[in-house]
Amino acid sequence: LNRINQLFQDTPQELLSIYFCAGCPNLDGTADVIRALERNGVSMIEIGIPFSDPMADGIVIQNAATRALHNGMSLRLLFEQLRDIRRDVRIPLVLMGYLNPIMQFGFEALPEVLECGIDGVIIPDLPFRDYEKSYKAIASKYDIRVIMLITPETSEARVREIDAHTDGFIYLVSSAATTGAQKDSTPGSKP
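The rules behind the values
- Residues numbered from 1 in each chain as written.
- Predicted model: local features only at pLDDT ≥ 70, side-chain atom pairs only at ≥ 80, totals over all residues.
- Heavy atoms only, no water.
- Pairing = 2+ DSSP bridges.
- Helix = DSSP H or I, 4+ residues; strand = E, 2+ residues; numbered from the N terminus.
- Axes fitted to C-alpha atoms, helices over the stretch in contact; angles between N-to-C directions.
- Contact = heavy atoms within 4.5 Å.
- Core = buried A, V, L, I, M, F, W, Y, C linked by side-chain atoms within 4.5 Å.
- Buried < 20%, exposed > 50% of the residue type's maximum accessible area, 1.4 Å probe, protein only.
- Disulfide = S-S within 2.5 Å.
- Expected span 1.5 Å × (residues − 1).
- Bend = angle between axes of the 7 residues up to and from the residue.
- Parallel < 35°, antiparallel > 145°, perpendicular 65-115°, else oblique.
- Left-handed = near helix turned anticlockwise from the far one by under 90°.
- Nonpolar A, V, L, I, M, F, W, Y, C, P; charged D, E, K, R; others polar.

Draft legend 1. Summary view of the sheet that holds strand 2 (residues 44-48). Spatial strand order, 1-2-3-4-5: five strands in an open sheet with parallel pairing. Looking at which strands have only one partner, the edges of the open sheet turn out to be strand 1 (17-21) and strand 5 (145-147). The sheet shows a mean angle of 25° between the axes of neighbouring strands, direction not considered. Two strands pair when backbone bridges link them, and strand 2 and strand 3 (residues 93-96) are joined in this way by four bridges, in the parallel orientation. Bridge pairing in strand 3 places Ile47 opposite Leu95. Strands in contact with helix 1 (residues 3-10) are strand 2, strand 3, strand 4 (120-122) and strand 5; relative to strand 2, the strand with the most contacts, it is inclined by about 145°.

Structure, rendered in structure tokens:
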């Protein structure tokens, strides 16, 4: 059973999932951050893949990604750093990032993801139809959860379709704002 599914089965409420950008604040600290988060009660971790052209990220995540890239972080290096993470980390680990770096690395290289114990991926700019056509079979073969995003404006029919063709969980984007620290809500956003 995938660790994401196991988590939601064993602890269906009061989960804490934390996002951080791999390679920030320093290049070699990613595994240490993961271990510290687990020790401090985090239920699941979203490991951000730094990208040079974020479309939906606010200034905090943009700055973290820029710093990580300047530090030398790459997807290949991230997998190398996480190769032994499952010796002592038990919580689900999810990669979160844009499709471009994943395509450059090669989605078909998912066995490398398995070797370092990644349970799922969140790819905000992966269209659902492209997932079904090009990525679902590979993800299913290697038991990797591809987490799709929905918004309050997503139709019920679309939510049900996504739910029927994915596993793990569905990510609800609850605000019309970019990600990162916000001083106040964007007009018209929903809490």
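On we go.
Draft legend 2. Seen up close, the nonpolar core. Formed by 44 residues in total, the largest nonpolar core has its most connected members in Ile34, Ile45, Ile47 and Leu95. When residues of this core are traced back to their parent elements, those giving at least two are strand 1, helix 2 (30-39), strand 2, helix 3 (59-71), helix 4 (75-82), strand 3, helix 5 (99-105) and helix 7 (128-141). The contacts of Ile47, once residues within four sequence positions are left out, are Phe20, Ala22, Ile34, Leu78, Leu82, Leu93, Val94, Leu95, Met96 and Ile118. Counting eight residues, the second largest nonpolar core, distinct from the first, contains Leu7, Met44, Ile122 and Phe169.

Draft legend 3. Region of interest: unusual backbone geometry. Omega for the peptide link from Cys24 to Pro25 comes to 15°, which places this bond in the cis form. A positive phi angle, close to 55°, is found at Glu14, a residue other than glycine. By the secondary structure assignment, Glu14 is in the loop between helix 1 and strand 1. When its relative accessible area of 77% is taken as the criterion, Glu14 is described as exposed. In this structure, Asp143 is a non-glycine residue whose phi angle is positive, near 60°. Inspection of the secondary structure puts Asp143 in the loop between helix 7 and strand 5. Assessed through its relative accessible area of 37%, Asp143 is described here as partly exposed.

Draft legend 4. Inspection of the state of the cysteines at higher detail. One pass over the full model with this rule turns up zero disulfides. Unpaired in terms of disulfides, Cys24 finds its nearest cysteine sulfur in Cys21, a separation of 5.9 Å.

Draft legend 5. Highlighting helix 7. Compared with an ideal rise of 1.5 Å per residue, which puts 14 residues at 20 Å, helix 7 spans 18 Å between its outermost C-alpha atoms and is within 8% of the ideal. Maximal helix bending in helix 7 amounts to about 65°, located at Tyr135. Along helix 7, the positions that sit buried rather than exposed are Phe128, Tyr131, Tyr135 and Ala139.

Draft legend 6. Local environment of the packing of helix 2 against helix 4. Contact geometry of helix 2 with helix 4 gives a least axis separation of 9 Å together with a crossing angle of 55°. Between helix 2 and helix 4, the crossing angle belongs to the class labelled oblique. In this structure, helix 2 meets helix 4 at a crossing whose hand is right-handed. Facing Thr30, Ala31 and Ile34 of helix 2, the residues of helix 4 in contact are Leu78, Gln81 and Leu82. Looking at side-chain class alone, the contact of helix 2 with helix 4 contains four nonpolar, two polar and no charged residues.

Draft legend 7. Looking closely at the pairing of strand 3. Judged by which residues are buried, strand 3 turns out to be covered on both faces: Leu93 and Leu95 on one side and Val94 and Met96 on the other are all buried. Note that strand 3 and strand 4 share three bridges and pair parallel. Within strand 4, the position partnered with Met96 by the bridge is Ile122.

Draft legend 8. Spatial organisation of the environment of Ala64. Positionally, Ala64 belongs in helix 3. In this structure, Ala64 is in contact with Cys21 and Cys24, ignoring residues within four places of it in sequence.

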